[in-house]
Amino acid sequence: PDDVDFDDTLAADDDDPDAIEHDPVKNEERVRERHIPLSMKISGLSKSKKIRLAQIGSGAARAILVRDNDRQVAMTAVRSPQLTIGEATAIAHSRSVSDEVLKHVAQSRNLTRSAEVKRALLFNPKTPFTVSLTFLSHMNHNDMVAISRSRNVAPQLKSAALQRVAAKEKK
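Source: prediction; values computed, not measured.

Chemist: Could you clarify how one ought to interpret the overall build of the protein chain in this entry?
Modeler: For the protein chain, the count of helices and strands is eleven helices and two strands. For the protein chain, buried positions account for 33% of its 171 residues. Counting only contacts in the protein chain whose residues sit at least 6 apart along the sequence, the fraction spanning at least 24 positions is 43%. Carbon and sulfur atoms provide 50% of the accessible area of the protein chain, an area that totals close to 11200 Å².

Below is the structure:
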């Protein structure tokens, strides 16, 4: 194939002989633990281990666990004391997290000190309207105009932003 991505993937393949271990007794091959992607490792964990990983794990583990179907795991990941502003911004941008997680991010004073987190929450269509409305007054004029023109925000938020833009232009 003359596909560039295909060629790049083949070039990056280093043919690591240690990636696969062969069991001669069972006549099976399996991927060694260190070569299994983090998401696959996490999917095999029990609920209690996921919660523990959400509390003390890395940022990559929290990014996966915050999207977990189990509400308790997702909330533990977002409540982690190691959660950074950058991670909170990524969570606020994500449309695959639950509205409860977004609500928790919005209610955290440490996380909402960042204007980028507030902006991400406003532009996320899954953010509850009441939460979005509280941050609308924190936005500058250009952000208000962008919100009033965006198709991804709730219609009520769009009209509230439009009213504020119109009121500011009258002055």
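Chemist: How should the pattern of salt bridges be read in this particular structure?
Modeler: Should the charged atoms of two oppositely charged side chains come close, the side chains can pair. Inspection of the entire model under this criterion finds five salt bridges. A salt bridge links Arg71 to Glu100, with the shortest nitrogen-to-oxygen separation between them at 2.2 Å. Separated by 29 residues along the polypeptide, Arg71 in helix H5 (residues 71–78) and Glu100 in helix H7 (residues 99–107) bring together distant segments of the chain. For Arg71, a relative accessible area of 52% puts it in the exposed group.

Chemist: Can you help me understand the packing of helix H8 (residues 115–123) against helix H9 (residues 129–136) in this one?
Modeler: When two helices pack together, their arrangement is given by the angle between their axes and by how far apart the axes lie. Look at H8 against H9: their axes get within 9 Å of each other, and the N-to-C directions meet at 135°. As judged from the angle between their axes, H8 and H9 are oblique. For the element pair H8 and H9, the recorded crossing hand is left-handed. Only Ser132, Phe135 and Leu136 of H9 make contact with H8, whose side of the interface consists of Lys118, Leu121 and Leu122. Partitioning the contact of H8 with H9 into residue classes produces four nonpolar, one polar and one charged.

Chemist: Hey, could you run me through H8 in this one?
Modeler: Think of an α-helix as 3.6 residues a turn; residues three or four steps apart then line up on the same face. For H8, every residue scored as buried is listed here: Val117, Lys118, Ala120, Leu121, Leu122 and Phe123. For H8, the secondary structure elements touched by its buried residues are helix H6 (85–93), H7, H9, helix H10 (141–149) and helix H11 (155–170).

Chemist: Sorry, what's going on with the environment of Arg67 here?
Modeler: With respect to the secondary-structure elements, Arg67 resides in the loop between helix H4 (59–65) and H5. Residues Arg67 and Ala77 lie ten residues apart in sequence; the distance between their C-alpha atoms is 9.1 Å. Here Ser96 takes part through its side chain, which lies 3.0 Å from a polar atom of the side chain of Arg67.

Chemist: I keep staring at the side chain of Ser132 and nothing clicks. Help me out?
Modeler: Positionally, Ser132 belongs in helix H9. The class of Ser132 is buried, set by a relative accessible area of 2%. In contact with Ser132, other than residues within four places in its own chain, are Leu121, Leu122, Thr127 and Leu157.

Chemist: I keep staring at the nonpolar core and nothing clicks. Help me out?
Modeler: Soluble globular proteins tend to pack their nonpolar side chains together in the buried interior. By size, the foremost hydrophobic cluster in this structure holds 38 residues, and its most contacted members are Val78, Ile91, Val101, Leu121, Leu136 and Ile147. Beyond its immediate sequence surroundings of up to four residues, Ile91 is in contact with Val66, Val78, Leu83, Val97, Val101, Leu102, Val105 and Asn124.

Chemist: What should I look at first to understand the environment of Gly59 in this one?
Modeler: Mapped onto the secondary structure, Gly59 falls in helix H4. Expressed as a C-alpha distance, the spacing of Gly59 and Gln82, which sit 23 residues apart in the sequence, is 8.2 Å.

Chemist: Explanation requested: H5 in the structure shown.
Modeler: Among the eight residues of H5, six are classified as buried, and the element is accordingly described as predominantly covered. For H5, the complete set of buried residues consists of Val73, Ala74, Met75, Thr76, Ala77 and Val78. Looking at the buried residues of H5, the elements they touch are helix H3 (47–56), H4, H6 and H7.

Chemist: What is the right way to read the side chain of Thr89 from this model?
Modeler: Within the fold, Thr89 resides in helix H6. By relative accessible area, Thr89 is classed as buried at 12%. Apart from residues no more than four positions distant in its own chain, Thr89 is found in contact with Glu116, Val117 and Ala120.

Criteria and cut-off values
- Residues numbered from 1 in each chain as written.
- Predicted model: local features only at pLDDT ≥ 70, side-chain atom pairs only at ≥ 80, totals over all residues.
- Heavy atoms only, no water.
- Helix = DSSP H or I, 4+ residues; strand = E, 2+ residues; numbered from the N terminus.
- Buried < 20%, exposed > 50% of the residue type's maximum accessible area, 1.4 Å probe, protein only.
- Contact = heavy atoms within 4.5 Å.
- Areas by Shrake-Rupley, 256 points an atom, 1.4 Å probe, with all protein chains shown as cover.
- Salt bridge = Lys/Arg side-chain N within 4 Å of Asp/Glu carboxyl O.
- Axes fitted to C-alpha atoms, helices over the stretch in contact; angles between N-to-C directions.
- Parallel < 35°, antiparallel > 145°, perpendicular 65-115°, else oblique.
- Left-handed = near helix turned anticlockwise from the far one by under 90°.
- Nonpolar A, V, L, I, M, F, W, Y, C, P; charged D, E, K, R; others polar.
- Polar contact = N/O pair within 3.5 Å; in protein donor to acceptor, adjacent residues only side chain to side chain.
- Core = buried A, V, L, I, M, F, W, Y, C linked by side-chain atoms within 4.5 Å.

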